[in-house]
Amino acid sequence: MFKYAMVFTVEMKKTAIEQAPSKKTIQEIFRTYYELGRAVNLISDFLREKGFNAQAIPAIGSNLNLTVMARDAGLGGFGKNGLLITPDYGPSVRLAAVLTDIENLPVNQRLDYDWLPDFCATCHACVKKCPAQAIYEKPMICKDGSEQHIDYKKCAVPFSKQHGCTVCIKECAFFKSDYKKIAAAYIRKEKAAK
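Summary of the structure given here. Just so it is clear, the model here is predicted, and its values are computed rather than measured. (Residues numbered from 1 in each chain as written. Predicted model: local features only at pLDDT ≥ 70, side-chain atom pairs only at ≥ 80, totals over all residues. Heavy atoms only, no water.)

1. Some words on the sheet that holds strand β5 (residues 93-100)
Two modes of strand pairing occur in sheets, parallel and antiparallel, and in both the strands are linked by backbone hydrogen bonds. Cut-off, in case you're wondering: A pair of strands counts as paired when DSSP detects no fewer than two bridges linking them. Numbering of helices and strands runs from the N terminus, with a helix taken as a DSSP run of H or I at least four residues long and a strand as a DSSP run of E at least two residues long. Axis definition: a line fitted to C-alpha atoms, limited for helices to the stretch in contact. Angles are taken between N-to-C directions and run from 0 to 180 degrees. Note on contacts: a residue pair is in contact if any heavy atoms of the two residues lie within 4.5 Å.
Strand order in the open sheet formed by 3 strands is β1-β5-β2, with antiparallel pairing between adjacent strands. Lying at the two open borders of the sheet, with one neighbouring strand each, are β1 (4-11) and β2 (54-57). When the angles between neighbouring strand axes are averaged without regard to direction, this sheet yields 20 degrees. Helix α2 (residues 23-49) contacts β1, β2 and β5 of the sheet and is inclined by roughly 145 degrees relative to β1.

2. Section: the pattern of salt bridges
As a reminder of what qualifies: Salt-bridge detection follows one rule: a side-chain nitrogen of Lys or Arg within 4 Å of a carboxyl oxygen of Asp or Glu. When a residue's accessible area, from a 1.4 Å probe over protein chains only, is under 20% of the maximum for its type it is buried; when over 50% it is exposed; and in between it is partly exposed.
If you walk through the whole model with that rule in mind, you get 6 salt bridges. Ionic pairing is found between K180 and D88, a salt bridge with its closest N-O pair at 3.7 Å. Residue K180 is located in helix α9 (residues 179-193), and its partner D88 is located in the loop between β4 (84-85) and β5; the two are separated by 92 residues in the primary sequence. In this pair, the class of K180 matches that of D88, namely exposed.

3. Comments concerning the side chain of T32
Mapped onto the elements, T32 comes out in helix α2. Look past the residues within four positions of T32 in its chain and what remains in contact with it is V10, E11, M12 and R94.

4. Side note on the layout of surface pockets
Using a probe with the size of a water molecule, rolled over the atoms, empty space left in the structure can be pinpointed. Keep this limit in mind: Using only the protein atoms, space was sampled on a 1 Å grid; points where a 1.4 Å probe fits but cannot get out form cavities, open sets with protein on both sides within 12 Å along at least five of seven lines form pockets, and lining residues are those with an atom within 4 Å of a point. Grid points are joined across faces, edges and corners, and a volume is the space filled by probe spheres set on the points.
Looking at the largest pocket, its volume works out to about 1000 Å³. Looking at the largest pocket, it is lined by 39 residues, and the ones nearest its centre are T67, G82, L83, R94 and Y152. Mapped onto the lining of the largest pocket, the elements with two or more residues apiece are α3 (66-72), β5, β7 (147-150), α6 (152-161) and α7 (167-170). The element best represented in the lining of the largest pocket is α6, accounting for 5 residues.

5. A short note on empty space enclosed by the protein
Here the structure, examined in full by the defined rule, presents 1 cavity of 30 Å³ or more. When its volume is computed, the largest cavity comes out at roughly 80 Å³. Along the wall of the largest cavity there are 13 residues; nearest its centre are C120, C123, C126, C172 and A173. Of all the secondary structure elements, the ones that give two or more residues to the lining of the largest cavity are α4 (116-123), α5 (125-129) and α8 (173-176).

6. Focus on the environment of I141
Tracing the chain through its elements places I141 in strand β6 (residues 135-141). Among the residues examined, I141 registers a relative accessible area of 59% and is labelled exposed. Taking C-alpha positions, I141 is 23 Å from D112, a pair spaced 29 residues apart along the chain. Setting aside residues up to four positions removed in sequence, I141 forms contacts with S146 and E147.

Right, here's the structure in full:
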């Protein structure tokens with residue numbers, strides 16, 4: 001609809017995600033959906049009141065790939081599980097956006113996330129622990145050149161039957177440990193190998 005977007009994240013509480021899959025986990029997921037939906041609607045309303053065009057894109061029910069938008073906004077990179085891995089919260093975030101025609105939006109400072117796929121190729125924790133075996137060891141390359149990391153039909157079964165599943169987030173190294181420490185150790189290891 002519009003050329004530009006503002007992408008927002010909300011952290012999911014660690015204590016709830018650590019209990020995945022559970023009723024606490026699904027409550028936390030829907031808490032973040034609610035908060036993000038409310039936020040992007042209020043922001044869109046505010047922008048329209050100021051004379052700009054804006055369209056809220058909530059965390060659930062959109063046909064846009066919010067993970068790609070967040071990556072393109074510099075908020076993180078892709079993990080093997082297809083989720084956005086952020087420096088502050090690892091994969092434990094939900095995403096929403098506001099589409100707009102505002103051209104002079106500030107751009108998030110981009111960090112180097114190119115090393116994430118290589119790290120994930122050595123980890124496989126999410127692949128091994130996925131109850132549906134829905135995470136591909138190597139992403140599928142689609143006809144349009146995009147990557148598909150998860151068989152969403154397989155993923156939907158435990159997600160719908162096990163209170164939101166979320167095991168791929170809970171088992172991710174970036175959820176269990178500090179992003180910056182993992183990045184520093186991985187990059188040191190790579191430099192030493194060269």
